[in-house]
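Overview (structure and organization)
Chain by chain, the residues:
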Amino acid sequence: MAHPSSRRGIALLITLMFVIVISVAIGYNLMQVKNASRIVQKEKMLYQNSMILEDVLKILKNSQELQTIVKDKSIDDLYLFLSTAQTIPLQLSSGKVTLVLSSARKRFNINELDKKNEAALQEYFSRMMLSSDYVDVLKDCMRINQEKKQYNSYNSVIFDENPYLFREYIASKKHLDIINDFYLHEYNDENINNIAFEKLFRFSKERSEAVDLNYATPEVLMLLLGTTRDRADMIYSLPKPFKSLEDLHLDANEKTALSKFRTSFFEPYLHVEITIQRDKQFGKMSFDYDVNLKKGSNFVLEI
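Residues numbered from 1 in each chain as written. Predicted model: local features only at pLDDT ≥ 70, side-chain atom pairs only at ≥ 80, totals over all residues. Heavy atoms only, no water.

This paragraph deals with the nonpolar core. Among the nonpolar cores identified, the biggest contains 72 residues, and Leu-121, Phe-125, Leu-138, Phe-201, Val-272 and Ile-274 are the most heavily contacted of them. If you tally residues by element for this core, the top one is helix 9 (residues 218–225), at 6 residues. What Val-272 contacts, discounting residues up to four positions off in sequence, is Val-56, Leu-60, Leu-99, Val-100, Leu-101, Met-285, Ser-286, Phe-287 and Tyr-289. (Core = buried A, V, L, I, M, F, W, Y, C linked by side-chain atoms within 4.5 Å. Buried < 20%, exposed > 50% of the residue type's maximum accessible area, 1.4 Å probe, protein only. Helix = DSSP H or I, 4+ residues; strand = E, 2+ residues; numbered from the N terminus. Contact = heavy atoms within 4.5 Å.)

Okay, here's the thing in structure tokens:
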């Protein structure tokens, strides 16, 4: 027969275990409730964001100003529109919305990389102290512009380390970040951290896009013209809008370099960024808008 003190000890242990089990169960349930609440809030914000997106698209589609710009093919009016409507803050009853409009053709579509401009990209990255191996890694991730017989022929081991990485084309900045991280560690080259990729590249599956020279960033001008940063900054600061190559005052070498890329002075494509702030929640949406076709594409949503 167990001693009374032993029985009390066992009872205390059982009670303690019971309390622990109840505490864990309650904690788990509270966590589930909290997660469910977060899911509901996210779903609510997702719905509200989709409504805001629909309203913005409707405004763009019904804009007489944009329709006139396309009809007249007016370089001046497009430049004036984007200069005066860069940032539009909106105060709503449920929060704050900021709309940012810019040219969707101010950066170079990385998926346009081909044999014609490959040397130009290698030269650009060489100026930025990167090895030509980086361009080879980019090419590995773009089967869309490779010949069928090259489909499984790679210059790097990026897919050995990332076997499930999408390899048809470079789809997004996050996709490029994975590629850059591989290059950084594989080639031990920290110079890649010094490149402002967000000002240099855009990401689209379409491979027939022209850079609008009226909005090209200094980083893009440096790439297109095969020139120094100082020279690119000087051209960027020239009075705009440009209407011909003469307005850029290019030398013979710069014109030759530029001929390797698709460029234009009138590209009616908008890049639209929508930031939503509601209580402590933030949401961000972005997309490209074809003014001529009245159609959005490349939609990205972050909540």
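Okay, the pairing of strand 7 (residues 269–278) next. In this structure, strand 2 (residues 95–103) lies alongside strand 7, joined through 8 bridges in antiparallel fashion. By the bridge assignment for strand 7, Thr-98 is matched with Thr-275. As paired strands, strand 7 and strand 8 (residues 281–290) are joined by 10 bridges and run antiparallel to one another. When the bridges of strand 8 are listed, Val-272 appears paired with Phe-287. From the end of strand 7 to the start of strand 8, which pair antiparallel, there are 2 residues, and Asp-279 there has a positive phi angle of about 55°. (Pairing = 2+ DSSP bridges.)

We now examine the environment of Ser-102. Along the chain, Ser-102 falls in strand 2. By relative accessible area, which is 15% here, Ser-102 ends up buried. Expressed as a C-alpha distance, the spacing of Ser-102 and Gln-86, which sit 16 residues apart in the sequence, is 6.3 Å. Setting aside residues no more than four positions away along its own chain, Ser-102 makes contact with Leu-82, Tyr-269, Leu-270 and His-271.

It is worth spelling out the side chain of Glu-118 at this point. With respect to the helices and strands, Glu-118 occurs in helix 4 (residues 118–127). Residue contacts for Glu-118: discarding those within four places in its chain leaves Leu-113, Val-135 and Lys-139.

Turning our attention to the environment of Asn-155. Among the structural elements, Asn-155 can be located in the loop between helix 5 (133–140) and helix 6 (158–161). Each C-alpha atom of the pair Asn-155 and Val-135 lies 9.8 Å from the other, and the pair is 20 residues apart in sequence. Apart from residues lying up to four places away in sequence, Asn-155 is in contact with Asp-136 and Asp-140.

A few words now on helix 7 (residues 173–187). Taking 1.5 Å of rise per residue, the 15 residues of helix 7 would be expected to cover 21 Å, and the 20 Å separating its terminal C-alpha atoms lies within 8% of that figure. Here helix 7 has its buried residues at His-175, Leu-176, Ile-179, Asn-180, Phe-182, Tyr-183 and Leu-184. Just beyond helix 7, the residue with positive phi is Asn-188, at close to 50°. (Expected span 1.5 Å × (residues − 1).)

Turning next to the packing of aromatic side chains. On inspection of all chains with the given rule, the structure shows 14 aromatic pairs. Aromatic pair Phe-125 and Tyr-134: ring centres 4.9 Å apart, planes at 80°, arrangement edge-to-face. When its relative accessible area of 0% is taken as the criterion, Tyr-134 is described as buried. Counting every residue linked through ring pairs, the aromatic cluster contains Phe-108, Tyr-124, Phe-125, Tyr-134, Phe-182, Tyr-183, Tyr-187, Phe-197, Phe-201 and Phe-261. (Phe/Tyr/Trp six-rings, centres within 6.5 Å; stacked < 30°, edge-to-face > 60°.)

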